[in-house]
Structures are given as structure tokens and as C-alpha cells.
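Each chain, written out:
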Amino acid sequence: MAATASDTATLTLGDLSVNLPVVTGSEGEQAVDITSLREKTKLVTLDPGLGNTASCFSKITYIDGERGILRYRGIPIETLVEKVMFVDVAYLLVHGTLPTAEERHNFSQLLNFNSLMHEDMRHFFDLFPHEAHPMHILATMINAMAAFYPNVDSQSLVENIDRATARVISIVRTMAAFVYKKSIGEPVVYPRHDLSYCANFLNMMFDSPVKPYQIRPETVRLLNILLILHADHEQNCSTTAVRVIGSAQVNLYATISAGISALSGPLHGGANQAVIEMLRMIQQDGDVGKFIRKAKDKDDPFRLMGFGHRVYKIYDPRAAIIRRECEAYLKTIHYCDPLLDVARRLEDAALADSYFIDRHLYPNVDFYSGILYRAMGIPENMFTAMFALARLPGWVAHWQEMIGSRTKIVRPRQVYIGKGLQTADVFPSKNPLLI
Ligand code: CMC
């Protein structure tokens, strides 16, 4: 369903008055279309952080941040985590519908067919410093894919979007597991065609020649849930990076690499690792109240990691599912994580405090996910790489939508506040020694 032009907004500045169209989205949200504003008035709009700017039309993901709603292609995430697997959601995001049995079979074949990265790329892993962060390695490796898979012009990828999606999500899964194995000095484990997407990843991470990995169905189910919940989130920072870079008609791999780099920041995907570091700090200190006070202190850079969101002004629906699954999974595997108790106490204290209540700050997707990853045996420096793995289909879907809608190159304006024209006397007098 396309947005409809329904109304006009009138902007008045002094004697100047201009009518601007108002478009209405399929869920009723309205936007003033300012595309012609500068041409008509010489005015531009100012919106640092783009918090009040709809940068595109999109049919992929719907969020209602006031009501805590998140839907992919119209389907609530609560339903998706109950009924389908991550691979189905990847297909859904890119195609707009869930796959039929035949489409799913074909897509799974493509995932298997593309699961090996070019063998020469393996040598790259030897050259990174041992302590390099997996997100830095992944961003580099994905960028390098354009050199190894050169047939990446936008048109051919959009025409064969299944192959492009399968290649990206399958190879990056292999890369992520290789990064981990190299970091612990163990031999890499290759993907297997007889395993599902998530089981394959777990096997590549944890199988070893001396201790075969026992794949637990509950862990596979949980990984599917986590990946589904992170698979897309409309115009967040990394997806916007993908759209901006992609608008210059850069190849898909470079755009994904930009997405990974944006995601690595602690205010975005990097928050999942930062949450665990924070919880450990609180556990060692023992005083939850002290950290609540620090988070409220404007002179202290400390923030509650995993709290707050640009769009959600209510409990993040992903965090609600993750918290529920976290408690259930830890019980199932008889694992007691003291950080879960710290997280619960911190959440309770924050949600009872007027600072957080007044600013509508609730746990976000990153608050409990790290505790689950820990319970699955995934090391902390891999948490954000897990987020990246999950977000790949979302990035591909947005890239495809952006290419398909023939987006102009993204090139915002600015309000210049620097110096006026400088005259010749600003140059330092010539140094006689240099003449
Ligand atoms: N702890 C303490 N105060 C906070 C926090 C927090 N986590 N988040 C926001 N605030 C305060 C902020 O200081 C400001 O207060 P005031 O109005 O008095 O100046 C107010 O709440 C609004 O915050 P903002 O920074 O203007 O909000 P934003 O929409 O620009 O930022 C955010 C959103 C997610 C970057 C921010 O809430 C934050 O830094 N959270 C911690 C990092 C985090 O968990 N990031 C993961 C985000 S969700 C997953 C993802 O996108 O990857």
C-alpha cells in the first residue's frame, strides 16, 4: 500500500506562505513533504540526529514506539518468533512474503551453496592482531568480498536477490565463526550441508576435533529467536548508513561493511557488550543505587547501557521477549548467571525512578541479550557480531528497496555557522628563514 497525499500543511514566515503536501502512511502516520521547500522558499529544514525526519518510504518494517509494536512486513515479531525460523524471516524481509515450501527449499539450497567463503580469504584471518575486535575483522572481510565476488553491480544483484541475500548471510556466518575460532587458536570448523542455519553456526563455533559439539535443540531455537528479533528495525543508524552509502551506487558488500561499522558503536549494536561490562562492574561494586545516580548525573558520562531508545517510549517489545526467554532458558539448562540478578535489580530500580519514568527510558533489545549469549557460550566480544549476523537480511532488504525506488544520492544540506569571507591579512607573515 503506497502512502497517499491527503492534506497540505501551510508554512508561514513573515510575508511568505507556502503550502506543502502531507503524506499519510499505511498505518496512519503523517509526514510533511518538504521536497519542494527550498525551491519555493530558499529555506531548508534543520534536524540534527534526524530524529524528526522520515528519510524514505518503506514497506519493510513497522514500529509504533508509543505502543511497543514491531512488525516485519505486517507480521508481529511475537508471531514470527513462535512460528518460523530466522531463514524464513530473512526471506520475508527481502521478498515481502514468507516462503512457500518450495521457495524455502530453494533458499536453503542457496544458503548451503554459498556457505563457504573463498578459500584465499582465510589467509586474511592470520594477519589480524590476536586481540582485534570481531566487528573490525568482519567489516574488513565483508568489504573484501567485492574483490572475491566481483559480479556485484546493483542491477545483477537485485535481479538475483535470493543469491545475493544467501551469499551475504551464509558467508558472514562462516566468517563470524572463523573469527572466533582464530581468536582462541583452534582449527576452524567448516559449514555442513546437513545442518540448519543456526545449528550450523553453533557447530562452527563450538565443535572441536577433540570434543564434538552436542547441538541442543533448545539452543538452536533460542538462537533463531534472537536472530529474528534483531533482523530489522527500520531506519536505525546502521540501516541508514547502508542506505546512504548505497545511494552512491556503491556495491552491496561495501554498504554492508558500512552497516557493520555503524553497528559496532556502543550507542547502537555495541551496547550488548557494554551492558555485560556494566553489569559486571555493578556486581563487583554491589551498589545498584550508585549506578542509578551516576546515570542521572549530567556531569558523569556514564549511561545505563541497554536502556533508552530513540523510537520506543515504552518497553521495547524485543526486550520483553528476550527477558522471558532468558529466564526460561537459564532454568532449562540449569545455569545460574549472577548478572541476571544484577540486571533485574537494575531494571527495577530504574523503572521506579522518576528520571527514567519522565524520560520514558526502558530496557532495550540489548539489555538482556548478552546474558543469553553468555549462557549459550558465546564470548562477550562476539555479541555485537551476533547482532550483525542477525541484521544482514534487514540491510539487504533496505538496500534492495532503496535501489528499486531509484533514490537520489543522499546529500543533505547544512546551516553554515563558520567564519565569513577571510581577507589576505589572515595569512601569517612569511618566515624569512624559509625564503
Ligand atoms: N541512561 C541515562 N540517561 C539516558 C539514557 C541512558 N541509557 N538514555 C537516554 N538518557 C537521557 C538523556 O541523557 C536525555 O536526558 P535529558 O533530556 O535530561 O538531556 C534523555 O534521556 C534523552 O536521551 P537522548 O540521548 O537525547 O536520546 P536519543 O534518542 O538521542 O538516544 C540512545 C537514544 C539509545 C542512544 C540512548 O538512549 C542511549 O545512549 N542509550 C544507551 C545505549 C544503548 O543502550 N544503545 C542501544 C540502543 S537499542 C539497539 C540499537 O539501536 O542498536
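## Considering the side chain of S257
And then number 1: One can find S257 in helix α12 (residues 252-263).
And then number 2: Since its relative accessible area comes to 6%, S257 is described here as buried.
And then number 3: Among the polar contacts made by the side chain of S257, one reaches the main-chain carbonyl oxygen of A139 at a distance of 2.8 Å.
And then number 4: Residues in contact with S257, not counting those within four places in the same chain, are A139, I142 and N143.

## Observations regarding the layout of surface pockets
And then number 1: Here the second largest pocket is characterised by a volume of approximately 190 Å³.
And then number 2: Taken together, 14 residues make up the lining of the second largest pocket; nearest its centre are V87, S108, L195, S196 and Y197.
And then number 3: Taken together, the elements giving at least two residues each to the lining of the second largest pocket come down to α4 (101-113) and α9 (197-206).
And then number 4: Among the elements that line the lining of the second largest pocket, the one with the most residues is α4, at four residues.
And then number 5: Classifying every residue of the lining of the second largest pocket by side-chain character gives six nonpolar, six polar and two charged.

## Looking at the nonpolar core
And then number 1: Among the nonpolar cores identified, the biggest contains 125 residues, and Y72, M175, L279 and L304 are the most heavily contacted of them.
And then number 2: Here the element with the most residues in this core is helix α19 (residues 383-404); it accounts for 14 residues.
And then number 3: Beyond its immediate sequence surroundings of up to four residues, L304 is in contact with M278, F291, I292, A295, L346, A350 and F356.

Parameters and conventions
Residue numbers run consecutively from 1 along every chain, following the written order of its sequence. Owing to the predicted nature of the model, reporting of local features is limited to residues with pLDDT of at least 70; listing and counting of side-chain atom pairs is limited to 80 or more, with chain, interface and lining totals taken over all residues. Working from all heavy atoms in the structure, the side-chain values ignore hydrogens and water. Helix numbering and strand numbering both begin at the N terminus, where a helix is a DSSP run of H or I of at least 4 residues and a strand a DSSP run of E of at least 2. Only protein chains enter the accessibility calculation, which uses a 1.4 Å probe. A residue is then buried if its area is under 20% of the maximum for its type, exposed if over 50%, and partly exposed in between. Definition of a polar contact: a pair of N or O atoms within 3.5 Å, with one able to donate and the other able to accept a hydrogen when the atoms are protein atoms, and with sequence-neighbouring residues admitted only if both atoms are side-chain atoms. In what follows, residue pairs with any heavy atoms lying within 4.5 Å of each other are defined as contacts. Put simply, the grid is 1 Å and covers the protein atoms alone, a cavity is a trapped set of points that fit a 1.4 Å probe, a pocket is an open set with protein on both sides within 12 Å along at least five of seven lines, and lining residues have an atom within 4 Å of a point. Grid points are joined across faces, edges and corners, and a volume is the space filled by probe spheres set on the points. Each residue is assigned to one class: nonpolar for Ala, Val, Leu, Ile, Met, Phe, Trp, Tyr, Cys and Pro, charged for Asp, Glu, Lys and Arg, and polar for all the others, Gly among them. By convention a nonpolar core is built from buried Ala, Val, Leu, Ile, Met, Phe, Trp, Tyr and Cys residues, the set being connected through side-chain atoms within 4.5 Å.

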